[in-house]
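# Structural overview for review
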Amino acid sequence: LQLVGRPLSCIRVAGRLPSRSLMNLGELVSALNNFASLSLAESWDNVGLLVEPSPPHTVKTLFLTNDLTEEVMEEAVQKKADLILSYHPPIFTPLKRVTWKTWKERLVVRALEHRIGIYSPHTAYDAIPHGINNWLTKGLGACNSVPLHPSTSPSYPTEGTHRIEFCADTAEHLETVLSKTKDIQEIFCLTTFPVRVEGKEQTRVSLNCSQKALLEVVALLSQNSLLDHKTEILILQKPLLPHTGMGRLCTLSKPASLSDIIERIKSHLKLPHVRLALGTGKTLDSPVKKAALCAGSGSSVLKGTEADLYLTGEMSHHDILDAVANGISVILCEHSNTERGFLSELGDMLTIHLQNKINIIVSEKDRDPLQVA
């Protein structure tokens with residue numbers, strides 16, 4: 001069938017985009033986890049799929065926000081979102097009930113009523129090479145950056161910080177030690193294998209353990225006369241992941257004055273102003289060669305780093321005083337202002353990663369709660 005010489009399949013209705021296919025929620029969550037492994041998130045964090053509508057649940061529209069407030073939830077409902085990706089997890093501390101009493105409980109109620117899932121990546125997006133901190137470095141201008149706290153491979157070694165190997169020359173010694181190790185917490189991967197040492201048949205024991213457990217194992221071996229020159233203690237170090245980790249230390253390709261850096265940051269974050277603490281002995285004309293940054297709340301990540309400038313959303317009062325006393329200037333932009341602008345870039349990356357299968361939109365209601373009055 002043809003119309004005016006063109007196949008019918010080529011005709012588009014004016015003003016309408018070709019329909020995208022749907023993704024099953026499980027398939028989409030798996031793809032999001034591949035985009036940024038949740039194993040990179042901090043241990044204290046609450047990441048992943050937080051609210052799941054009853055299956056089967058398909059997703060046509062993915063809705064991106066930095067903070068999931070009630071106003072943003074209403075926007076998601078109006079735009080018929082099927083899954084909300086909220087950078088900050090709206091469920092962090094445990095909920096004891098789900099009622100209409102508190103605003104976070106109401107978010108869960110509204111999500112389930114409208115069959116909307118909620119997914120949060122949070123600090124996993126801080127760590128990845130193509131994440132929030134990488135985006136924030138663009139506000140400094142051309143620079144080379146490395147993570148302040150590099151991430152390690154989550155898969156090797158699987159458990160423990162130390163490995164200890166020792167020999168037992170008698171079955172009695174072996175049985176005594178193995179029975180007592182059962183009472184020590186944080187011992188992993190215990191194995192035994194026969195060895196020949198100085199012409200004698202012995203049993204060698206190898207185990208992985210935490211640093212705390214190591215002290216108890218060494219004490220146990222000392223008590224049973226098994227701690228000798230044949231005992232080996234190894235530190236198990238996981239390999240570092242390239243360009244991955246918390247915070248960034250940036251070396252500018254060309255040093256710039258602090259006043260120029262401020263203007264670059266304001267332009268990048270689309271802010272009319274930032275807060276500034278000048279380092280001791282520094283002025284707005286002082287050159288910035290190295291800048292340490294961390295999106296969100298950066299006190300714990302930046303502390304102790306040698307740099308000309310700290311850039312973050314918020315820091316504690318006393319950590320600012322410490323930085324200033326050490327000649328380090330501090331720029332604060334408010335917590336979510338150092339994160340929210342990443343969402344537009346994230347939408348473009350996810351469109352490619354998800355092969356344009358679903359509609360991706362960014363919240364228009366999401367904003368920092370703090371304003372200058």
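Residues numbered from 1 in each chain as written. Predicted model: local features only at pLDDT ≥ 70, side-chain atom pairs only at ≥ 80, totals over all residues. Heavy atoms only, no water.

Right, let's talk about the overall build of the protein chain for a bit. Along the protein chain, the regular secondary structure elements total eleven helices and 19 strands. Relative to a compact globule of 373 residues, whose C-alpha radius of gyration would be 21 Å, the protein chain shows 27 Å and is clearly more extended. For the protein chain, the spread of C-alpha atoms along the three principal axes comes to 90 × 70 × 55 Å. Counting only residues that meet the buried cut, the protein chain has 47% of its 373 residues in that class. Nonlocal contacts in the protein chain, meaning residues at least 24 apart in sequence, comprise 72% of its contacts between residues at least 6 apart. Carbon and sulfur atoms make up 53% of the accessible area of the protein chain, which amounts to about 20,200 Å² in all. Here the protein chain carries 38 positive and 40 negative side-chain charges, and the mean point of each set is 7 Å from the other. (Helix = DSSP H or I, 4+ residues; strand = E, 2+ residues; numbered from the N terminus. Rg over C-alpha atoms; globule rule 2.2 N^0.38 Å. Buried < 20%, exposed > 50% of the residue type's maximum accessible area, 1.4 Å probe, protein only. Contact = heavy atoms within 4.5 Å. Areas by Shrake-Rupley, 256 points an atom, 1.4 Å probe, with all protein chains shown as cover. Lys, Arg positive; Asp, Glu negative; His and termini not counted. Charge placed at Lys NZ, Arg CZ, Asp CG, Glu CD.)

With that settled, consider the UniProt feature "binding site: a divalent metal cation" (unreviewed entry) in the protein chain. Mapped onto the present numbering, the UniProt feature "binding site: a divalent metal cation" (unreviewed entry) falls at His 88, Asp 126, His 335 and Glu 339. Sequence-wise these annotated residues cover 252 residues; spatially they are packed, their C-alpha atoms never more than 13.4 Å apart. Structurally, Asp 126 can be placed in helix H4 (residues 123–127). Here Asp 126 falls in the buried class, since its relative accessible area comes to 7%. Non-local contacts of Asp 126, meaning those with residues more than four positions away in its chain, are made with Tyr 87, Ile 132, Asn 133, Gly 245, Met 246 and Arg 248. Note on placement: His 335 falls in the loop between strand S18 (329–332) and helix H11 (342–353). Beyond its immediate stretch of four places on either side in the chain, His 335 contacts His 88, Gly 296, Ser 297, Gly 313, Glu 314 and Asp 368. Of the polar contacts made by the side chain of His 335, one reaches the side chain of His 88; its length is 3.3 Å. (UniProt positions renumbered as here; feature names shortened; annotations may be inferred. Polar contact = N/O pair within 3.5 Å; in protein donor to acceptor, adjacent residues only side chain to side chain.)

So, on to helix H6 (residues 171–181). Those residues of H6 not exposed but buried are Leu 174, Val 177 and Thr 181. Relative to the axis of H6, the buried residues are bounded by an arc of 75° and lie together on one face. Exposed side chains of H6 directed beyond 90 degrees from the buried face belong to Ala 171, Glu 172 and Glu 175. (Arc of directions from axis to C-beta.)

Pairs can form between side chains of opposite charge whenever their charged atoms are close. In this structure the tally under the stated criterion is 16 salt bridges. Note that Arg 340 and Asp 366 form a salt bridge whose closest N and O atoms lie 2.8 Å from each other. Highlighted residues: Arg 340 in the loop between S18 and H11 and Asp 366 in the segment after strand S19 (359–362), separated in sequence by 26 residues. Each of Asp 67, Arg 340 and Asp 366 takes part in salt bridges that share partners, so that together they form one network. (Salt bridge = Lys/Arg side-chain N within 4 Å of Asp/Glu carboxyl O.)

Assessed through its relative accessible area of 9%, Asp 366 is described here as buried. Separated by 3.3 Å, the side chain of Asp 366 and the backbone nitrogen of Asp 67 make a polar contact. Here Arg 340 takes part through its side chain, which lies 2.8 Å from a polar atom of the side chain of Asp 366. Asp 366 has contacts with Thr 65, Asn 66, Asp 67, Val 72, Arg 340 and Leu 343, leaving out every residue within four places of it along the chain.

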